[in-house]
Amino acid sequence: MTDTISAAATLNKFEKLKAEKDGLAVKADLAHFAQVGWEAMDETDRDHRLKWLGVFFRPVTPGKFMMRMRFPTGILTSRQMRTLAEIVQRYGEDGNGDITTRQNLQLRGVRIEDLPDIFNKFEQSGLTSVQSGMDNVRNITGSPVAGIDADELIDTRELAMQVQDMITSNGVGNPAFTNLPRKFNIAIAGCRDNSVHAEINDIAFIPAYQGDQLGFNVLVGGFFSAKRCEAAISMNVWVPPSDVVALCEAILIVYRNHGLRANRQKSRLMWLIDEWGIEKFRSQVETQIGHTLQPAAAKDEILWDKRDHIGVYAQKQPGLNYVGLHVPVGRLFAPDMFDIARLAEVYGSGEIRLTVEQNIIIPNVPDSRLTALLEEAIVQRFSTQPENLARALVSCTGSQFCNFALIETKNRAVAMIKELEAEIECPQPVRIHWTGCPNSCGQPQVADIGLMGTKVRKNGRTVEGVDLYMGGKVGKDAHLGTCVRKGIPCEDLKPILQDILTQQFGAKTRDEG
């Protein structure tokens, strides 16, 4: 590690706290934290360092913490889902699990007193939440139907797991990558529909042929922040699958050692690429990896529009199917989580998959069990055939649980879609994404219609409102949308959405239909 990090450590409070003590070090203090309680904890440990273990203090729910898991490619087992359900169940109505836009789960309602027991349960179930917050690499995303998709090019599950294991030392924590300048996202796509939203990741691997050999073109620098949003750009690099882990490691080391640290609003990877230029960045990565990198293939294999995987689909394995369930804005309560675990065991192989659209897939369902699965009560609620507007609805956590959010999102999003669907019918899914603040966890820039929370003045009072984004595209030729209108009070939003859906997406009022 170069002197760059130590020299920068005094530049802002976050660099100071990282220099004083590695975030992973608080793991040794969990028993003490559980004994003294959240109010008596050192505030820096409580508010910041616990995030290195995936534990998040939330001022809007004092005493009840959020935990963020790690599921490479969004895959977990029924046993693991049951363990998480037991943790959530302890806290009754206040506890829940949210599926995230990185194929992950966040648990809410966790008490500091129970952390030692929770981490013991994680260890027994093969779960980890390590390095899932602050200046670490977040969940590694991939196709949610990797290994079972009849049309996939390459199964990326093992690659995603290898990348995570390199970063986290097999889930126990790796100090080599706990002091990045900022958060970092990695995605590995193995299909033709860009199911990973490659353009919004710091590193994205997308399938491409170099001659007859299938590998990956590499994109770098995509990110969302309150300061700036940028789509990833080509690194002009192609790698075979065998080099994916080594390239990730080399890029992370270059970023760790040379990334900008003075201003946290200008610390993501793209800011370093801007300062150096892509050629110097590539050269530095080549020096780190120890060999010249091949130039990118002339074209990639992202040829399809984005699929949402909701419904029933035949797998590449004869006689088996995967069933995609629509979970409204990704919110699960303990009974739901137990039911999903049961479905996976009774009808599938005990495996569960999460999608970036905040939905669930039950894979490996034999033809003979499909009818019974589709008749289950929870499948009637988490439908395989939702209405087109609800089908593509995505939302961040919102102000109910997140102190950064300026507005409530999840409950409002569901309620508004129900009202719209009662009045209009849309002939196609329309991707409507809600995010509570400019941090853009709900990714409004990739939506057909994006809604970003803000505060608005109306009739002399401050009310919750949104800025309106339009034009985001995913899949083939993906690009980010732009803000087209600012400061719409939420109470005035429904007719505006109705007009957009009618004029631009072919929706018709129910009485017209």
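In what follows, the structure referred to is the one given above.
Residues numbered from 1 in each chain as written. Predicted model: local features only at pLDDT ≥ 70, side-chain atom pairs only at ≥ 80, totals over all residues. Heavy atoms only, no water.

Novice: When you look at the overall build of the protein chain in this model, what are you seeing that I'm missing?
Specialist: Broken down by element type, the protein chain carries 16 helices and 24 strands. Relative to the compact-globule value of 24 Å for 513 residues, the protein chain shows a C-alpha radius of gyration of 22 Å, a close match. Along the three orthogonal principal directions, the C-alpha set of the protein chain runs to about 70 × 60 × 55 Å. Scored against the burial criterion, the 513 residues of the protein chain give a buried share of 61%. (Helix = DSSP H or I, 4+ residues; strand = E, 2+ residues; numbered from the N terminus. Rg over C-alpha atoms; globule rule 2.2 N^0.38 Å. Buried < 20%, exposed > 50% of the residue type's maximum accessible area, 1.4 Å probe, protein only.)

Novice: Could you clarify how one ought to interpret the sheet that holds strand β6 (residues 141-142) in this entry?
Specialist: Hydrogen bonds between backbone groups are what pair the strands of a sheet, and the pairing can be parallel or antiparallel. Pairing is mixed across the open sheet formed by 5 strands, whose spatial order is β6-β7-β8-β9-β12. Each of the sheet's edge strands pairs with one partner strand only, and the pair in question is β6 and β12 (233-239). Sheet strands touched by helix α7 (residues 157-168): β7 (186-188) and β9 (213-220). Its angle to β7, the strand with the most contacts, is close to 155°. Contacts between helix α8 (residues 244-258) and the sheet are confined to β7, β8 (203-210), β9 and β12, with β8 contributing the most and set at about 140° to the helix. (Pairing = 2+ DSSP bridges. Contact = heavy atoms within 4.5 Å. Axes fitted to C-alpha atoms, helices over the stretch in contact; angles between N-to-C directions.)

Novice: Could you clarify how one ought to interpret helix α16 (residues 493-505) in this entry?
Specialist: Quick reminder: α-helices carry 3.6 residues per turn. Residues three or four places apart thus point the same way. In this model, α16 (13 residues) spans 17 Å end to end at C-alpha, consistent with the 18 Å of a helix rising 1.5 Å per residue. Considered for burial, the residues of α16 that qualify are Leu 493, Ile 496, Leu 497, Gln 498, Ile 500, Leu 501 and Phe 505. Residue Gly 506 follows α16 closely and has a positive phi angle near 75°. (Expected span 1.5 Å × (residues − 1).)

Novice: I'm lost on the pattern of salt bridges in this one. Help?
Specialist: A pair can form between side chains of opposite charge whenever their charged atoms are brought close. Within the structure shown, the criterion is met by 41 salt bridges. With its nearest N and O atoms 2.7 Å apart, the salt bridge here joins Asp 274 to Arg 228. Within this pair, whereas Asp 274 is found in helix α9 (residues 269-276), its partner Arg 228 is found in the loop between β10 (223-224) and β11 (229-230), the two being separated by 46 residues in sequence. Judged by relative accessible area, Arg 228 falls into the buried class, the value being 17%. Where Arg 431 meets Asp 448, a salt bridge forms, and the shortest distance between an N and an O atom there is 3.1 Å. Here Arg 431 is found in the loop between β19 (424-425) and β20 (432-435), whereas its partner Asp 448 is found in the loop between β20 and β21 (449-458), with 17 residues between them in sequence. Residue Arg 431 is classed as buried on the basis of its relative accessible area, which comes to 17%. A residue is classified by how much of its surface remains accessible, and Asp 448, at 17% relative accessible area, is buried. (Salt bridge = Lys/Arg side-chain N within 4 Å of Asp/Glu carboxyl O.)

Novice: Quick question: what am I supposed to make of the pairing of β9 here?
Specialist: Two faces belong to every sheet, and in a regular strand the side chains alternate between them. With 7 of 8 residues buried, β9 lies mostly within the body of the structure. Relative to β9, β8 runs antiparallel, the two sharing 8 bridges. For Pro 207, the partnering residue across the bridge sits in β9 and is Phe 216. For β9 and β12, the ladder comprises 4 bridges, and the chain directions are antiparallel. Among the inter-strand pairings, Phe 216 is bridged to a residue of β12, identified as Val 239.

Novice: It is not clear to me how helix α11 (residues 334-347) should be interpreted in this structure. Could you clarify?
Specialist: Between its terminal C-alpha atoms α11 stretches 20 Å, which fits the 20 Å expected from 14 residues at 1.5 Å a residue. Buried within α11 are the following residues: Ala 334, Asp 336, Met 337, Ile 340, Ala 341, Leu 343, Ala 344 and Tyr 347.

Novice: Before we go on, may I ask you to explain the environment of Tyr 91 in this structure?
Specialist: Inspection of the secondary structure puts Tyr 91 in the loop between α5 (78-89) and β4 (96-99). The spacing of Tyr 91 and Asp 117 is 26 residues in sequence and 15 Å in space, taken between C-alpha atoms. Each residue touching Tyr 91, except ones within four places of it in the same chain, is listed here: Gly 109, Val 110, Arg 111, Asp 114 and Ile 118.

Novice: Just to check I follow, could you spell out the layout of surface pockets for this structure?
Specialist: If a probe the size of a water molecule is rolled over the atoms, the empty space left behind becomes visible. Its boundaries defined by the atoms lining it, the second largest pocket holds a volume of some 550 Å³. Lining the second largest pocket we find 27 residues, and of these Gly 126, Leu 127, Thr 128, Asn 170 and Gly 171 sit closest to its centre. Breaking the lining of the second largest pocket down by element, the ones donating at least two residues are β3 (75-77), α6 (115-125) and α7. Sort the elements by how many residues they give to the lining of the second largest pocket and α7 lands first, with 5 residues. Of the residues contributing to the lining of the second largest pocket, the split by class is 11 nonpolar, 10 polar and 6 charged. (1 Å grid on protein atoms, 1.4 Å probe; cavity = no way out; pocket = protein on both sides within 12 Å on 5 of 7 lines; lining within 4 Å. Points joined across faces, edges and corners; volume = space filled by probe spheres on them. Nonpolar A, V, L, I, M, F, W, Y, C, P; charged D, E, K, R; others polar.)

Novice: Help me understand the packing of α5 against α6 in this model?
Specialist: Any two packed helices are characterised by the angle at which their axes cross and by the distance between the axes. It is at 10 Å that the axes of α5 and α6 come closest, and there the two elements cross at 170°. Here α5 is positioned roughly antiparallel relative to α6, judged by the angle of their axes. Across the interface between the two elements, Arg 79, Gln 80, Thr 83, Leu 84 and Ile 87 from α5 touch Ile 118, Lys 121, Phe 122, Gln 124 and Ser 125 from α6. (Parallel < 35°, antiparallel > 145°, perpendicular 65-115°, else oblique.)

Novice: Please clarify how empty space enclosed by the protein should be interpreted in this entry.
Specialist: Per the stated rule, a full pass over the model turns up 1 cavity of 30 Å³ or more. Roughly 40 Å³ of internal volume is contained in the largest cavity. Lining of the largest cavity is provided by Glu 387, Asn 388, Leu 389, Glu 421, Ile 424, Glu 425, Cys 426 and Arg 510. The set of elements that each furnish at least two residues to the lining of the largest cavity consists of α14 (388-391) and β19. Residues of the lining of the largest cavity, tallied by class, amount to 3 nonpolar, 1 polar and 4 charged.

Novice: Help me understand the packing of α8 against helix α10 (residues 278-289), please; the structure alone is not making it clear to me.
Specialist: It is the contact of α8 with α10, at a shortest axis distance of 9 Å, that shows an interaxial angle of 115°. When the axes of α8 and α10 are compared, the pair comes out roughly perpendicular. The crossing of α8 and α10 is right-handed. Only Phe 281, Gln 284, Val 285, Gln 288 and Ile 289 of α10 make contact with α8, whose side of the interface consists of Ala 246, Leu 247, Ala 250, Ile 251, Ile 253, Val 254 and His 258. Taken together, the residues that form the contact of α8 with α10 break down as 9 nonpolar, 3 polar and no charged. (Left-handed = near helix turned anticlockwise from the far one by under 90°.)

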